[in-house]
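# Inside the fold
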Amino acid sequence: MLFYDRGARDVSIEDVVVLAGTTRMTLYRHFPSKDDLVLAHLRRRAEHERTVLADVVRDAARDRRNPLLLLAARVRDDVTAPGFRGCPFLNAAAEYRDPEHPVRRLVAAHRAWFRTSLVGLVADTGAHDPEGIADRIVLLRDGAMAGGALGGASSPAGALPPAVAAVLGVRS
C-alpha cells in the first residue's frame, strides 16, 4: 500500500525497511532494487484484479446478469471508496515514462489482459464489434479511475454503470 498511497518515486528504501521491520540487507536479498519492489506490488495488484474479474463473472453467471454491468458497478464502488488514489497501473505508468522499463512493460501486459478479457465478455453477449466496445469500456473505466482519484465520493464515477450499459445498448 505504501507505493499506492504515496507513489513509487516518493517512497524510499528506508521507508520500506521501517514499515517492513527488517534490515536493508534482508530487503535487498529478496528485492535487489526498488523497481523490483514496485513490480512485486503491481503483480500482486494484477492478481487481485484477475480474482475480482473472475468473481464478477462467476456472480453474473449465478445471477444471470451481465458481467460487464456488474464489473462497472464494482469499479464504481471501488473508485468512490475512501482512500482511492487512482488506478495503480496508470499511476505507475505516469511515474515510469520509458515504455521499455519493466514497470511499463508490466503495466502494458496487464492492460492487454484486461482489454482481452473485456473483448471476450463483450463477444459473449453477442454484440457486434467486441473489440471496439471493449475499447470504449476501457476508456470509460480509465475515466472513472481518474475521476475517482480526483473527486472521491463526489466524482462522476457513478455514471460508469449506465455509460457501460449505453455502450452495450442494454438497460442498466
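Residues numbered from 1 in each chain as written. Predicted model: local features only at pLDDT ≥ 70, side-chain atom pairs only at ≥ 80, totals over all residues. Heavy atoms only, no water.

By the naming in an unreviewed UniProt entry, the protein is Helix-turn-helix transcriptional regulator, taken from Cellulomonas wangleii.

A tally of regular secondary structure across the protein gives nine helices and zero strands. In the protein, the succession of helices and strands from N to C terminus is α-α-α-α-α-α-α-α-α. Overall, the C-alpha framework of the protein stretches about 55 × 30 × 30 Å when taken along its three principal axes. Scored against the burial criterion, the 172 residues of the protein give a buried share of 40%. Considering only intrachain contacts with a sequence separation of at least 6, the fraction spanning at least 24 residues in the protein is 61%. Looking at the protein as shown, the accessible area adds up to about 9700 Å², and 56% of this sits on carbon and sulfur atoms. A distance of 2 Å separates the average location of the 24 positive side-chain charges in the protein from that of its 21 negative side-chain charges. (Helix = DSSP H or I, 4+ residues; strand = E, 2+ residues; numbered from the N terminus. Buried < 20%, exposed > 50% of the residue type's maximum accessible area, 1.4 Å probe, protein only. Contact = heavy atoms within 4.5 Å. Areas by Shrake-Rupley, 256 points an atom, 1.4 Å probe, with all protein chains shown as cover. Lys, Arg positive; Asp, Glu negative; His and termini not counted. Charge placed at Lys NZ, Arg CZ, Asp CG, Glu CD.)

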